Amino acid sequence: MTQTHYSLVGDIGGTNARFALVERGSVEPGAVEVLPCGDYDNLDDAIVDYLQRVGVAEVGEACLAVASPVRGTQVRMTNNHWRFDTEEVRLAFGWRAFKVINDFTAMALGVPHVPAEHLVHVCGGPGDERRARLVIGPGTGLGVSGLVPIKHGWVPLMTEGGHVDFAPTDDTEMAVLRILKARFGRVSVERILCGQGLLNLYQAHAEIQGVTAPLDAPEKVTAAALEHTDSLARQTLRHFCEILGRVAGNGVLTLGSTGGVYLCGGILPRFLDFFLESPFRSGFEDKGRMRPLLEFTPVYVVTEPYTGLLGAAEALANPEV
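Predicted model only: the values in this text are computed from it and were never measured.

Let us look at the overall build of the protein chain. Counting its secondary structure elements, the protein chain contains 11 helices and 13 strands. Here the protein chain has a C-alpha radius of gyration of 21 Å; the compact-globule value for 321 residues is 20 Å, and the two agree. Based on the C-alpha atoms only, the size of the protein chain along its principal axes is roughly 65 × 45 × 35 Å. When the accessible area of the protein chain is evaluated, it comes to approximately 14,700 Å², of which 49% is carbon and sulfur surface.

Our focus in this paragraph is the pairing of strand β11 (residues 153-158). Relative to β11, strand β10 (residues 142-150) runs antiparallel, the two sharing 6 bridges. The partner of G146 across the bridge, within β11, is L157.

Before going further, it helps to spend a moment on the nonpolar core. Among the nonpolar cores identified, the biggest contains 47 residues, and I136, L193, V261, L263, F275, F280 and F284 are the most heavily contacted of them. The leading source of residues in this core is helix α7 (residues 231-255), at 10 residues. Beyond its immediate sequence surroundings of up to four residues, F284 is in contact with C123, G245, R246, A248, G249, V252, V261, L294, T297 and V299.

By rolling a water-sized probe across the atoms, one finds the places where empty space is left. Quantified by volume, the second largest pocket comes out at close to 420 Å³. Around the second largest pocket, the lining comprises 25 residues; the ones closest to its centre are V164, V247, N250, G251 and T254. Among the elements of the structure, β9 (133-138), β10 and α7 are those that each provide at least two residues to the lining of the second largest pocket. Among the elements that take part in the lining of the second largest pocket, α7 stands out by supplying 8 residues, more than any other. Counted by class, the lining of the second largest pocket contains 12 nonpolar, 8 polar and 5 charged residues.

Below, the discussion takes up the packing of aromatic side chains. On inspection of all chains with the given rule, the structure shows 7 aromatic pairs. Between the aromatic rings of F93 and W95, the centroid separation amounts to 4.9 Å while the plane-to-plane angle is 10 degrees, which identifies the pairing as stacked. Here the two residues F93 and W95 agree in accessibility, since each one is buried. Judged by centre distance (5.1 Å) and plane angle (70 degrees), the ring pair of W95 and F98 falls under edge-to-face. Grouping residues by exposure puts W95 and F98 together as buried.

Calculation notes
Residues numbered from 1 in each chain as written. Predicted model: local features only at pLDDT ≥ 70, side-chain atom pairs only at ≥ 80, totals over all residues. Heavy atoms only, no water. Helix = DSSP H or I, 4+ residues; strand = E, 2+ residues; numbered from the N terminus. Rg over C-alpha atoms; globule rule 2.2 N^0.38 Å. Areas by Shrake-Rupley, 256 points an atom, 1.4 Å probe, with all protein chains shown as cover. Pairing = 2+ DSSP bridges. Core = buried A, V, L, I, M, F, W, Y, C linked by side-chain atoms within 4.5 Å. Buried < 20%, exposed > 50% of the residue type's maximum accessible area, 1.4 Å probe, protein only. Contact = heavy atoms within 4.5 Å. 1 Å grid on protein atoms, 1.4 Å probe; cavity = no way out; pocket = protein on both sides within 12 Å on 5 of 7 lines; lining within 4 Å. Points joined across faces, edges and corners; volume = space filled by probe spheres on them. Nonpolar A, V, L, I, M, F, W, Y, C, P; charged D, E, K, R; others polar. Phe/Tyr/Trp six-rings, centres within 6.5 Å; stacked < 30°, edge-to-face > 60°.

Structure follows, in structure tokens:
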């Protein structure tokens, strides 16, 4: 059946592609399917299979969020084998419009549409809803974006804020910096605040303390910390949360984002109770004379699993994207 009043939205990562349909004028995704990218030779095959699965012959337009830089019409996925030209795909499916946006831009655009039950308050006061919002989240890397309010919506900021310099604040962090600098040369905050970064931090702490680091994967570090089976892992995960707080606080000062901080991505919800009891808040608020500003700014963990799809749907009708 032809249903061109539907639009296709997608959130394409390195491992999985999430697709959904939205009705014209809506941002609510329906018929969500999660397809492994490795099962398909290219984007076209995945879209054809998705539309067959949901029983729709064609859609009128599409917007995809992709985990890769977006420049011109050529898209090369960073962590999977898909390569495509946006105009070729648009013509092949007969869409009137096809937008491709960065995945963290979509995450930011999706935040205003996340229902309250999928926002967990971490700290901070009421904030100022008329001011910018900071959207940040550790995952495969460290995504950083922002939202600037305009009269009838939001303008997303496309940033590379995850690549700012790591700024140590005490002797232990100076030692972490020296160790990681020997490994990587320049040390960005993303070298610590992502999945692989958690492992980097764990190994650095082991070296500082002169002990072995038996765990060899970030998920093992997290599991050992939560299960109280490795004190070094627990110490590392607490430090990870504190550094994330410092970086998020720096983002608020830079962007003026007293409208709120939204912590996105798949990592934090996996250890939410641990995170809420961690030193995140102390790191976030520790800004000297600017402490009252940080105490005023609300911080939330976003637990909505399809925030990127909400953002892709918002981007369809947002002329600022």
